[in-house]
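Reading the structure
Residues per chain are reported as follows:
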Amino acid sequence: MTEYERSRTMPAQPEQVFDQAANVGQLETWLPRDLHVEPEEPPAVTVHEDRTDQDTSALLSARPEQMRLEWGTREQGSYAGWLQVAGLDSGASEVTVHLSFFDEGHDPGRRTVTEALDGSLRRLEEQVRMRTDNAAG
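This section reports on the structure supplied with the text. (Residues numbered from 1 in each chain as written. Predicted model: local features only at pLDDT ≥ 70, side-chain atom pairs only at ≥ 80, totals over all residues. Heavy atoms only, no water.)

This part takes up the sheet that holds strand β6 (residues 79-87). Hydrogen bonds between backbone groups are what pair the strands of a sheet, and the pairing can be parallel or antiparallel. Overall, antiparallel pairing links the seven strands, which are arranged β1-β7-β6-β5-β4-β3-β2 in an open sheet. In the strand order of this sheet, the two ends are held by β1 (2-10) and β2 (35-39), each with one partner. Strand after strand, the sheet turns through a mean of 20 degrees between neighbouring axes, direction not considered. Against the sheet, helix α1 (residues 14-21) touches β1, β4 (54-63), β5 (68-73), β6 and β7 (93-101), its axis set at about 155 degrees to β6. (Pairing = 2+ DSSP bridges. Helix = DSSP H or I, 4+ residues; strand = E, 2+ residues; numbered from the N terminus. Axes fitted to C-alpha atoms, helices over the stretch in contact; angles between N-to-C directions. Contact = heavy atoms within 4.5 Å.)

Its boundaries defined by the atoms lining it, the largest pocket holds a volume of some 640 Å³. Along the wall of the largest pocket there are 30 residues; nearest its centre are Pro32, Leu35, Trp71, Tyr79 and Leu99. If you list the elements that add at least two residues to the lining of the largest pocket, you get β2, β3 (44-49), β4, β5, β7 and α2 (110-136). Classifying every residue of the lining of the largest pocket by side-chain character gives 21 nonpolar, six polar and three charged. (1 Å grid on protein atoms, 1.4 Å probe; cavity = no way out; pocket = protein on both sides within 12 Å on 5 of 7 lines; lining within 4 Å. Points joined across faces, edges and corners; volume = space filled by probe spheres on them. Nonpolar A, V, L, I, M, F, W, Y, C, P; charged D, E, K, R; others polar.)

Tracing the backbone shows threonine 46 in strand β3. Classification of threonine 46 by relative accessible area gives buried; the value is 18%. Apart from the residues within four sequence positions on either side, threonine 46 is in contact with His36, Val37, Glu38, Glu40, Asp55 and Thr56. (Buried < 20%, exposed > 50% of the residue type's maximum accessible area, 1.4 Å probe, protein only.)

Turning to α1, a few remarks are in order. Looking only at α1, the buried set comprises Pro14, Val17, Phe18, Gln20 and Ala21. Across the axial projection of α1, the buried residues extend over an arc of 160 degrees, all falling on one side. (Arc of directions from axis to C-beta.)

So, on to the pairing of β5. Both β4 and β5 contribute to a ladder of six bridges, which runs antiparallel. Within β5, the residue paired with alanine 62 across the bridge is leucine 69. A loop of four residues connects β4 with β5, the two strands running antiparallel in sequence, and methionine 67 in this loop sits at a positive phi of about 50 degrees. As paired elements, β5 and β6 share five bridges and run antiparallel to each other. Looking at the pairing, glycine 72 lines up with alanine 80 of β6. Where β5 folds back on β6, the antiparallel hairpin that results is connected by five residues, among which glycine 77 adopts a positive phi of roughly 65 degrees.

The next point concerns the pattern of salt bridges. If charged atoms from side chains of opposite charge come close, those side chains can pair. Applying the stated criterion across every chain, the model contains eight salt bridges. With a shortest N-O distance of 3.5 Å, arginine 74 and glutamate 40 are connected by a salt bridge. In this pair, arginine 74 sits in the loop between β5 and β6 while glutamate 40 sits in the loop between β2 and β3, placing the two residues 34 residues apart along the sequence. For arginine 74, a relative accessible area of 30% translates into the label partly exposed. (Salt bridge = Lys/Arg side-chain N within 4 Å of Asp/Glu carboxyl O.)

Cis geometry is found at the peptide bond from proline 42 to proline 43, where omega equals 10 degrees. Topologically, proline 43 is positioned in the loop between β2 and β3. For methionine 67, which is not a glycine, the phi torsion comes out positive at approximately 50 degrees. Within the secondary structure, methionine 67 sits in the loop between β4 and β5. Take methionine 67: its relative accessible area is 18%, and that puts it in the buried class.

Take a look at the structure:
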């Protein structure tokens, strides 16, 4: 099993960050560019990966009371992950994303995963900023 974890501080209240991250209709605005999530009957989703041109049955569940998203593959059990939002004293939030690859063949490698996680967290922050700027203005 291989695990990866990245965090980023975002200048917004944790509820605002979580609401943006958990919005199933807007996941593609911040997920890695080669992943596309198609909602089904909750918590089921289908994830299409451009790199492999494959669809994977997965589960995605939001736990608003914990400000946590959890996901993973349904049948194969090849990977799982979570996103956790925590409030900071300054009124900002820290977002942590954790991925576990149980199937080594499904792990694209440390550099690829780290770049994808950093890019996703950066795009999530951009989405949160746009949302909070529009709400304020």
